[in-house]
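Chains, contacts and geometry: an overview
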Amino acid sequence: MRIVGLTGGIASGKSTVSDLFRSSGLPVVDADVIARERNQWVEKVVAAFGEEILHASGEVDRAHLGQIVFSDSEKRQLLNRLLAPHISSGITWEVARLWLKGFDVIVLDIPLLFEVKMDRWTKPIVVVWRDDTSEEQARNRVNAQAPLDWKREKADVVIDNSGSLEDTRLRFQEVLALVTRPLTWKEFLRSRKGLTLILISSVAAALASLR
C-alpha cells in the first residue's frame, strides 16, 4: 500500500488538489475532518497556547498556530504531544478501513503534516505551493515564507498553484501518474492483496510439508 502525504501553505490551493485526487478515484483521509470529529484536542491546545490561536468563530487559527510552532522547537514538540494521540488514532483507523476495502493508494490530507510528524508514514509527500503577490500576502510574507520554504524543501513533489486552474490540473495529472504508478514490492506486500498472497503461500507451503 502506498500512503501519499498532501500538505501546503495557507491559501495555497491544497483543497483544490485534494478534490482533484478525490475526483480521480483516490480515497483522501482529511485530517481537518477527523480533527473536527475529535474536537477534544482543541481544549488542550488552547490551554497550552492561549486563546490568541482562535478565530472569532472559536475555530483554531492554523496559520497562526503553525507560525508559533515553526519558530519555537519546544512549542512544536508540545503541539506534537497534544495532537498526535487524537489525530493519529483517527487517521490510523481511516487508513485501516480503506486498507480492508482493498485500496492500494491512499492520500493523507494533513495541513500540519510535518509538525505532527506524520510525514514519516507517507511517501511521496506532495506540497502545494502558491506564490501569491496580493497585498495581504505581501504584508505576511516575512512571517509566512519561512515555514512554506521549509515544507517545500522536505517535499518529494511540489505543485505550483500560482498560475491558472488549468495549469494546476495539468501539473496534477503529472503527479497523479507518479503516485498511481505500479507499487513496489515492499508497498505491494503492505497491501491487502499482498498480505493475502503471503497467507495463501504460507498455507500452501504448510500443506505441502504434510504430504
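What counts as what
- Residues numbered from 1 in each chain as written.
- Predicted model: local features only at pLDDT ≥ 70, side-chain atom pairs only at ≥ 80, totals over all residues.
- Heavy atoms only, no water.
- UniProt positions renumbered as here; feature names shortened; annotations may be inferred.
- Helix = DSSP H or I, 4+ residues; strand = E, 2+ residues; numbered from the N terminus.
- Polar contact = N/O pair within 3.5 Å; in protein donor to acceptor, adjacent residues only side chain to side chain.
- Contact = heavy atoms within 4.5 Å.
- Pairing = 2+ DSSP bridges.
- Axes fitted to C-alpha atoms, helices over the stretch in contact; angles between N-to-C directions.
- Phe/Tyr/Trp six-rings, centres within 6.5 Å; stacked < 30°, edge-to-face > 60°.
- Buried < 20%, exposed > 50% of the residue type's maximum accessible area, 1.4 Å probe, protein only.
- Lys NZ or Arg CZ within 6 Å of the ring centre and 35° of its normal.
- Core = buried A, V, L, I, M, F, W, Y, C linked by side-chain atoms within 4.5 Å.
- Salt bridge = Lys/Arg side-chain N within 4 Å of Asp/Glu carboxyl O.

Note on the chain: under the UniProt heading Pathway (unreviewed entry), the record states "Cofactor biosynthesis; coenzyme A biosynthesis."

The topology assignment puts Glu187 in helix H8 (residues 185-190). Looking at Glu187, its side chain comes within polar contact range of the side chain of Arg2, at 2.7 Å. Residues in contact with Glu187, not counting those within four places in the same chain, are Met1, Arg2 and Lys123.

What follows concerns the sheet that holds strand S1 (residues 2-8). Two orientations exist for strands paired in a sheet by backbone hydrogen bonds: parallel and antiparallel. Spatial ordering of the open sheet is given by S2-S3-S1-S4-S5, a layout of 5 strands whose pairing is parallel. In this open sheet, the two edge strands, each paired with only one partner strand, are strand S2 (28-30) and strand S5 (157-160). The average angle at which neighbouring strand axes cross in this sheet is 25 degrees, direction not considered. Where S1 and strand S3 (residues 105-109) come together, 5 bridges link them in parallel fashion. Across the sheet, residue Arg2 finds its bridge partner in S3, namely Val105. On the sheet, helix H1 (residues 14-23) packs against S1, S2, S3, strand S4 (125-129) and S5 and is oriented at approximately 155 degrees with respect to S1. The strands that helix H7 (residues 165-179) touches are S1, S3, S4 and S5; relative to S5, the one it contacts most, it runs at about 160 degrees.

What follows covers the packing of aromatic side chains. If you walk through the whole model with that rule in mind, you get 3 aromatic pairs. An angle of 55 degrees between the planes, with centres 5.8 Å apart, marks the rings of Phe114 and Trp150 as tilted. Taken together, the residues span a long stretch of sequence, with Phe114 in the loop between S3 and S4 and Trp150 in helix H6 (residues 135-154) at a distance of 36 residues. Residue class for Trp150 comes out partly exposed when judged on its relative accessible area of 22%. Between Trp185 and Phe188, the ring centres sit 5.7 Å apart and the planes meet at 90 degrees, which makes this aromatic pair edge-to-face. Here Phe188 and Trp185 lie together in helix H8, a separation of 3 residues that amounts to about one turn. On the basis of relative accessible area, Trp185 is assigned to the exposed category, the value being 64%. When its relative accessible area of 22% is taken as the criterion, Phe188 is described as partly exposed. One residue, Arg152, lies across the ring of Trp129, its end atom 4.2 Å from the ring centre.

In terms of nonpolar packing, the biggest core is built from 34 residues, with Val45, Phe49, Ile91 and Leu108 touching the most fellow members. Listed by contribution, the elements that provide at least two residues to this core are helix H2 (31-37), helix H3 (40-49), helix H4 (62-71), helix H5 (73-100), S3 and S4. A total of 8 residues in this core trace back to one element, the largest contributor, which is H5. Contact partners of Ile91, with chain neighbours within four places excluded, come to Val29, Ala31, Ile34, Leu108, Ile110 and Met118. Core analysis: the next-biggest nonpolar cluster, separate from the first, contains 17 residues, Val105, Val107, Val126 and Phe172 among them.

Here the focus is the pattern of salt bridges. What the rule picks out here adds up to 8 salt bridges. Among the salt bridges present, the one from Arg22 reaches Asp30, with a minimum N-O distance of 3.7 Å. When its relative accessible area of 36% is taken as the criterion, Arg22 is described as partly exposed.

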